[in-house]
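Listed below, chain by chain, are the residues.
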Amino acid sequence: MLRLNKISKYYQLNKSFISAISKKIKAVDSVCLEIKSGQTLGLVGESGCGKSTLARIILKLISPSSGQIFFQNQEITDLTEKQFRVLRQKIQIVFQDPYSSLSPRLTVKNIIAEPLQAFKQKKKLIEPRVRELLLNVGLNPEYADRLPHQLSGGERQRVGIARALATNPELLILDEAVSSLDLSTQAQVLNLLKDLQAKYKLTYLFIAHNLDVVRYISDHVAVMYKGRIVEQASVKQLYENPLHPYTRILLNSMPSLEKKLLLNKTQTPNLENQSLQPDNQGCCFYAQCNKAKAECAEQIPELKQIESGHWLSCFKPKEV
Amino acid sequence: MPRPVIIYNYQKPMKSLINGRRQAAPLQFLKLFELYKNQRGNAQTREHQSMEKLLEVKNLTTCFVQEGREIPLVDDVSFFINKNSVLGFVGESGCGKTMTALSLTGLLPGKNCKIVSGKINFNGQTINQIKEKDLKQIRGKEITYIFQEPSTCLNPVLNIKEQLSEVVQLYCKEISPEQINQFLIKQLELVGIRSPEEKLLSFPHQLSGGEKQRVMIAMSMIPRPALLIADEPTTALDVTIQAQILKLLDKLRQETGVAIMLISHDLNVIAELSDYIAVMYAGQIVEFAKAEQLLSKPLHPYTQGLFECLPKKEHNNQNKLKAIIGEVPKSGNFPTGCRFHPRCPQKFDKCAQAMPALFKPNPDQEVRCWLCSD
């Protein structure tokens, strides 16, 4: 369905005449990903590691510095806005904050109808389509005339999902779509997403930081750190046999009902203040890794397949 | 979201600190710190201490008054916190967790919000009936707060040292101006900040989210409070940093003997730290029990529902999450009878008719549900 080949996005620092060599921040650094049709890829990582930038690149809201994006075996990297417009219906996004991603001055009906109007849907077809979409996401069609402030958080997120579904997309990017919801509404929305996926054969790119939620919804999981994918595997492989040191730290940091976190006396390493360094060489996790070797500082470990479906970017996975 | 509460005095000019006030008796602050540590954190005394009640709240009702109508935000809430223990408050947003915490020290936002009835007993004093002047001695000194969003609680135009020394100036008068620097470095080390000398002179925007939260914790720990109220202290943080902050809170509890009231919507976070857990729903405590009891055998259908909403290992495509239907009712719009009954899978006739009282099916467990009435 979607394939990313060495996608990178660099941002220039020091854009002035004085500094001869301008430094680059690697927001996303040669990311290769593949999502199969009808499956869900979970993307996890801490804030600022480039998850949302990657989502924007796939949507072509920002253009990558290098690399190629393939969507349904067609390269879309260099398509002009006009050429891409047809495909844009097929890729849609649901945003994190349902409060700020819906216009407060539009009714629910107008919010959902907007993408339909943008893609020149016939006027008389719009009303029944909005009704249908509202029913699909589990909202009463009477909600069509309400304004966003009259809805609760869960209902707003459902409207956001209905809007994304309006153009019959095939790939849906869910950028922290359930992070700001309460526990009971989060469970409702997660179940809704699963139902919709089964019903419409949707493909999801699910971006989140809650590992339990990612395990529930995903088929495959990619772990991102400082703009690079450090490990990618099926849910079972990743949660039962995490190999990258960063993935292990992430999994060990999850609080649990069995008090695993506080009973586990090993100190969680301090990953704070590790902002993106311009032009760094070597493994992106080198400074924090307690098993780092000399070669880790000099070379960037490539993302290699170590067993079927399990990709890892680390020199010494066995020893770690 | 209420405005962050200022627990230190902004009006006081900072100059008074720098120019040097009259020095108090030269007490070695390090010795003092050790003394506190020994007094409160001794492992043997902990067991004994944790039986004593530090804070006891009885039938607390806080209302929002609108056009003569009283809308209950916190309704008939009773709980207690033992010395040196952690009480976890869990519930969804709009359940009254934060309002309960703010009611304790009279920090309710606006004149329309007020405590209508109930007693708050702290260390033998009924603190909702004492004068504001006396309350000031307790709030910020004996009871301190940590809020959810560290970046909005720190003053962006003052550096960390200035902000922390205000607390020292107000509540730790025995520390002289010359000692302040060293004292603050010690405090920052205690909360695990690397290179504290440097960080003291930096401004909030130069710190990462985790560091800001550590500074907030340091600020609230400086007066050596007996009770620390942590309102969603890790919600805005990454998983790895959340783990560190939780470990830090646990360490501080053990070393300084502070009691913690931990408010969170994340059951996992609450389960990690708490000795007692209170589950809130629609302004009421629906279940209050010892942590082990509540985690192993939750009795209220809402608590059970919350546990089932957590995605776990065994869930997959076939085995879906059991979500609680519907949404939390808005305050002022509560259903009659049991407030959870419209969403409850186990409801029966009685639930819609009368509000259940808190029943005690076990000695360590209180449940507001008709199912436990026998």
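Caption draft 1: Spotlight on the overall build of chain A. Scanning chain A from terminus to terminus reveals 11 helices and 12 strands. Here the C-alpha atoms of chain A give a radius of gyration of 21 Å, agreeing with the 20 Å that 2.2 N^0.38 yields for 320 residues. Its C-alpha atoms give chain A principal-axis dimensions of roughly 65 × 55 × 40 Å. Looking at chain A as a whole, 42% of its 320 residues are labelled buried. When contacts within chain A are restricted to residue pairs at least 6 apart in sequence, those whose partners lie at least 24 apart make up 65%.

Caption draft 2: Region of the structure containing the domain arrangement of chain B. Residues and elements named next belong to chain B. By the assigned domains, chain B splits into domain 1 (27–51 + 83–101 + 129–281) and domain 2 (307–374). Taking the mean C-alpha position of each, domain 1 and domain 2 sit 33 Å from one another. The interface is formed by five residues belonging to domain 1 together with five residues belonging to domain 2. Counted by class, the side of domain 1 that touches domain 2 contains three nonpolar, one polar and one charged residues.

Caption draft 3: Focus on the packing of helix H7 (residues 160–171) of chain B against helix H10 (residues 209–221) of chain B. Residues and elements named next belong to chain B. Look at H7 against H10: their axes get within 9 Å of each other, and the N-to-C directions meet at 25°. By the criterion of interaxial angle, the relationship of H7 to H10 is roughly parallel. H7 and H10 meet at a crossing whose hand is right-handed. Contacts between H7 and H10 involve Ile160, Gln163, Leu164 and Val167 on the former and, on the latter, Val215, Ala218 and Met219. Among the residues forming the contact of H7 with H10, the class breakdown is six nonpolar, one polar and no charged.

Caption draft 4: View of the interface of chain A and chain B. The partner chain B presents 33 residues to the 34 residues of chain A that form the contact. Where the side of chain A that touches chain B is concerned, the elements lending two or more residues are helix H6 (183–200), helix H7 (211–217), helix H9 (245–252) and helix H10 (260–263) of chain A. Tallying contributions element by element places H6(A) first for the side of chain A that touches chain B, with nine residues. Grouping the constituent residues of the side of chain A that touches chain B by class yields 13 nonpolar, 14 polar and seven charged.

Caption draft 5: Region of interest: the sheet that holds strand S10 (residues 228–234) of chain A. Residue and element names in this part refer to chain A. Read from one edge to the other, the open sheet built from eight strands follows the order S6-S7-S8-S3-S9-S10-S12-S11, with strand pairing classed as mixed. Each end of this open sheet is capped by a strand with a single partner; those strands are strand S6 (91–94) and strand S11 (304–307). Strand-to-strand twist in this sheet, taken as the mean axis angle between neighbours without regard to direction, amounts to 20°. Pairing of strand S7 (residues 171–175) with strand S8 (residues 203–207) involves five bridges; the strand directions are parallel. Looking across to S8, one finds that leucine 174 is bridged to phenylalanine 206.

Caption draft 6: View of the environment of B:Leu104. All names here are of chain B. Note on placement: leucine 104 falls in helix H4 (residues 97–104). Taking C-alpha positions, leucine 104 is 30 Å from glutamate 189, a pair spaced 85 residues apart along the chain. Among all residues touching leucine 104, those that are not within four sequence positions of it are Ile120 and Ile143.

Each value, and the rule that gives it
- Residues numbered from 1 in each chain as written.
- Chains lettered and ligands numbered in written order.
- Predicted model: local features only at pLDDT ≥ 70, side-chain atom pairs only at ≥ 80, totals over all residues.
- Helix = DSSP H or I, 4+ residues; strand = E, 2+ residues; numbered from the N terminus.
- Rg over C-alpha atoms; globule rule 2.2 N^0.38 Å.
- Buried ≥ 20, exposed ≤ 12 C-beta atoms within 10 Å, placed from the backbone.
- Contact = placed C-beta atoms within 7 Å.
- Domains from an automatic or database assignment.
- Nonpolar A, V, L, I, M, F, W, Y, C, P; charged D, E, K, R; others polar.
- Axes fitted to C-alpha atoms, helices over the stretch in contact; angles between N-to-C directions.
- Parallel < 35°, antiparallel > 145°, perpendicular 65-115°, else oblique.
- Left-handed = near helix turned anticlockwise from the far one by under 90°.
- Pairing = 2+ DSSP bridges.

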